[in-house]
Amino acid sequence: MTAVTTTTHTTTQTTGTTTTAPLAALAEDGARQVRRRRRLAPGKRLPAARLVGPAAVLVLWSAASAAGLLDPGAIPAPWTVLETGSRLWSAGTLPDDILTSLQRAATGFSIGLTVGILLALASGLTRTGEALIDGTVNLNRAIPTLGLIPLFILWLGIGETFKIAIIAIVVYIPIYLNTHAALSGIDSRFVELAEVQGLSKFRFIRQVVIPGALPGFFVGLRLGVTGSWLGLVVLEQINATSGLGYMMFQAQNYGQTDVILVGLVVYGIFGLISDSAVRIVERRVLSWRRTLSS
């Protein structure tokens, strides 16, 4: 009886060991695959990662200025630029110029955003709209926008209207192109599925078209935000009496490099803030996507 019991116990241990071994091998293989996937992915997002590059440039700029490697007349030190900015702010000229530039950029951006979205929807959802709109927009894209300035001055005068119109053109083109490309790239199987489900045109646009086009729209939105600031730099140097570009143009006439750098730094800060704001909205709206960046 003892021998039988011992044999049964040994057989049970052998069976348990035999069953456990494949499970352990599968678990180890799964862990290996997870580690491999983690090595392929970019890794965990670093906090404030996009500020590392500008901070590094600032450190190098400060070090080169302190070591005397940069000509102060050509490239003033960061502390000199900061002191000049504080002086202009205390005098009240810098806040007024910033407010004027923000108003111009916001007005032109709003018009360009609206026009770009409407044209992209009309062109992306109907063949007639595509025939009428897409070729015209691409022709407009092929013409340098800043080259339209003399013509727009003749049409709209030298005041604020032509500046806002040029900014709107700079903004609407990337928004239209990227949104239209996203609409055209929607999988046709989704369209067939919507037809099988009997969705109305409105529900099809709301549930299929808009979610599918949002990634491309946000790419165009970021390009449009940047374009509004780039266009503003040039436009505010043409018959303007206020604004950051006007301030920089006047500083050029008097050889004030520090004032020019103040304007460039302000432009860069506003550009970085606006781009970061768009990125935050994009991550929240598109939180359902699983991508490398997320």
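Think of each chain on its own: its residues are numbered from 1, step by step along the sequence as written. Reporting in this predicted model follows two pLDDT cut-offs: at least 70 for local features of residues, and 80 or more for side-chain atom pairs to be given and counted; totals over whole chains, interfaces and linings ignore these cut-offs and use all residues. Derived side-chain values reflect all non-hydrogen atoms in the structure, with water molecules and hydrogen atoms excluded from consideration.

Participant: What is the right way to look at the layout of surface pockets in this model?
Facilitator: A water-sized probe rolled over the atoms picks out the places where empty space is left. Empty space within the largest pocket amounts to approximately 680 Å³. Computed over the protein atoms alone on a 1 Å grid, cavities are sets of points where a 1.4 Å probe fits but cannot get out and pockets are open sets with protein on both sides within 12 Å along at least five of seven lines; a residue lines them when it has an atom within 4 Å of a point. If you trace the largest pocket, you find 23 residues lining it, with Leu58, Trp61, Val265, Val266 and Ile269 closest to the centre. Note on conventions: DSSP H or I runs of at least 4 residues are helices, E runs of at least 2 residues are strands, and numbering of each starts at the N terminus. At the level of elements, helix 2 (52–66), helix 3 (78–91), helix 4 (93–125) and helix 11 (257–285) are the ones that each hand at least two residues to the lining of the largest pocket. For the lining of the largest pocket, the element with the highest residue contribution is helix 11, accounting for 8 residues. For the lining of the largest pocket, the residue count by class is 20 nonpolar, 3 polar and no charged. Grid points are joined across faces, edges and corners, and a volume is the space filled by probe spheres set on the points. Note on residue classes: Ala, Val, Leu, Ile, Met, Phe, Trp, Tyr, Cys and Pro are nonpolar, Asp, Glu, Lys and Arg are charged, and everything else, Gly too, is polar.

Participant: Quick question: what am I supposed to make of a nonpolar patch on the surface here?
Facilitator: On the surface, Leu151, Leu154, Trp155 and Leu156 cluster together into a nonpolar patch covering about 460 Å² of accessible area. Relative to the helices and strands, Trp155 is located in helix 6 (residues 149–156). Candidate patch residues must exceed 30% relative accessible area and have no salt bridge, after which like charges are joined if within 9 Å and Val, Leu, Ile, Met, Phe, Trp or Tyr side chains if within 5 Å. With residues, only the protein chains shown are counted as cover, and all accessible areas are computed by Shrake-Rupley using a 1.4 Å probe. Here a salt bridge means any side-chain nitrogen of Lys or Arg lying within 4 Å of a carboxyl oxygen belonging to Asp or Glu.

Participant: Explain the nonpolar core here, please?
Facilitator: Generally speaking, soluble globular proteins have nonpolar side chains that are buried together. Side-chain atoms within 4.5 Å are what join buried Ala, Val, Leu, Ile, Met, Phe, Trp, Tyr and Cys residues into a set we call a nonpolar core. A simple rule labels every residue: compare its accessible area, found with a 1.4 Å probe on the protein chains alone, to the largest value its type can have, and call it buried under 20%, exposed over 50%, or partly exposed in between. In terms of nonpolar packing, the biggest core is built from 42 residues, with Leu94, Ile166, Phe218, Leu221 and Leu244 touching the most fellow members. With 10 residues, the single largest contributor to this core is helix 7 (residues 160–184). Throughout, a contact is declared for two residues whenever any of their heavy atoms are within 4.5 Å. In this view, Ile166 contacts Thr145, Leu146, Leu148, Ile149, Phe152 and Leu235; residues no more than four positions away in its chain are not counted. Core analysis: the second largest hydrophobic core is formed by 8 residues, Leu183, Ala194, Phe204 and Ala213 among them.

Participant: Explanation requested: the pattern of salt bridges in the structure shown.
Facilitator: Taken as a whole and assessed by the stated rule, the structure comprises 5 salt bridges. Asp275 serves as the salt-bridge partner of Arg222, at 2.9 Å between the closest nitrogen and oxygen. Of the two residues, Arg222 sits in helix 9 (residues 201–235) while Asp275 sits in helix 11, which places them 53 residues apart along the sequence. Accessibility expressed as a relative area gives 14% for Asp275, which makes it buried. Residues participating in the shared-partner salt-bridge network are Arg104, Glu160 and Glu236.

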